[in-house]
Amino acid sequence: FSDLRGSGHFSGRITWGLVAAGVIAKMIVRPAEISAKLISAGGMTDIDLAIERAMADGDTIGGIIECRVKNPPKAIGEPFFYSIESAISHLTFSIPAIKGIEFGSGFGAAKMKGSEHNDRFTGRSGTTATNNAGGINGGITNGNEVVFRVAVKPTSSTGVEQNTFDFSKGEMTSLKVKGRHDTCIALRMPVIVEAAASVAMADLLLIDR
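Residues numbered from 1 in each chain as written. Predicted model: local features only at pLDDT ≥ 70, side-chain atom pairs only at ≥ 80, totals over all residues. Heavy atoms only, no water.

## With respect to the sheet that holds strand β2 (residues 63-70)
Then step 1. The antiparallel open sheet is built from four strands, whose spatial order is β1-β2-β6-β3. Of all the strands in the sheet, just β1 (33-41) and β3 (98-103) have a single pairing partner and so form its edges. On average, each strand axis in the sheet is inclined to that of its neighbour by 20°, with strand direction left out of account.
Then step 2. Of the strand pairs in this sheet, β3 and strand β6 (residues 146-152) are connected by five bridges, and their pairing is antiparallel. The residue bridging glycine 100 from the neighbouring strand is alanine 151, located in β6.
Then step 3. Strands in contact with helix α5 (residues 190-208) are β1, β2 and β6; relative to β1, the strand with the most contacts, it is inclined by about 140°. (Pairing = 2+ DSSP bridges. Helix = DSSP H or I, 4+ residues; strand = E, 2+ residues; numbered from the N terminus. Axes fitted to C-alpha atoms, helices over the stretch in contact; angles between N-to-C directions. Contact = heavy atoms within 4.5 Å.)

In structure tokens:
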């Protein structure tokens, strides 16, 4: 029974199960350490200022979450249908408001030359001078830090008046959302993204066993 007063299935509340599973998954993937943080909001690195401005405008903003996995399990990930990127992305896109994901240098790789993007090995341990691959080669973890970022959209419940179509009346009308709503839902996202990464890695680790 979906209670639409709280956005129902599309509410951030639906992520509680993922976060609970993430707590257990973090224990399974030890000694890996998964941590995520909000690195920008509304296109600004000064997150407090960005939120302050959005609140003054009565509007909402999105943000970028960066997640890092230190000491990841080595050589996990199926090279075709269930690569480590596929597993993490599948779960991450189950989180409401997620609109994009990139690993390592991500979309920035399109501007680089191969000689710039290649991660040179610096020793027998497999460590590399750079980490443009985000700790992943061919869909499999290479032992270096796994790094990815996700884009969180601004919530649609904005206090700014907008002109839209009223399906019940069959005409254009003005809409201004009232009530209590998050200015920047991305603030709540890091722990959820951590959980998604943890569950994906735990699943692949158990498959590998």
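Now that the structure has been shown, the text picks up again.
## Some remarks on the environment of glycine 159
Then step 1. Position of glycine 159 among the secondary structure elements: in the loop between β6 and β7 (162-166).
Then step 2. Owing to a relative accessible area of 24%, glycine 159 belongs among the partly exposed residues under this scheme.
Then step 3. Between the C-alpha atoms of glycine 159 and leucine 91, which are 68 residues apart in sequence, the distance is 30 Å.
Then step 4. If we skip the residues at most four places from it in the chain, glycine 159 touches Gly58, Lys176 and Val177. (Buried < 20%, exposed > 50% of the residue type's maximum accessible area, 1.4 Å probe, protein only.)

## With respect to the nonpolar core
Then step 1. Core analysis: the largest hydrophobic core is formed by 44 residues, its most contacted members being Ile65, Ile95, Phe148, Val152 and Met189.
Then step 2. When contributions to this core are tallied by element, the ones reaching two or more residues are α1 (16-28), β1, α2 (47-57), β2, α3 (84-92), β3, β6 and α5.
Then step 3. Ranked by residue count, the leading element in this core is α5, at 10 residues.
Then step 4. If sequence neighbours within four positions are ignored, isoleucine 95 has contacts with Thr15, Leu18, Met189, Ile192, Val193 and Ala196. (Core = buried A, V, L, I, M, F, W, Y, C linked by side-chain atoms within 4.5 Å.)

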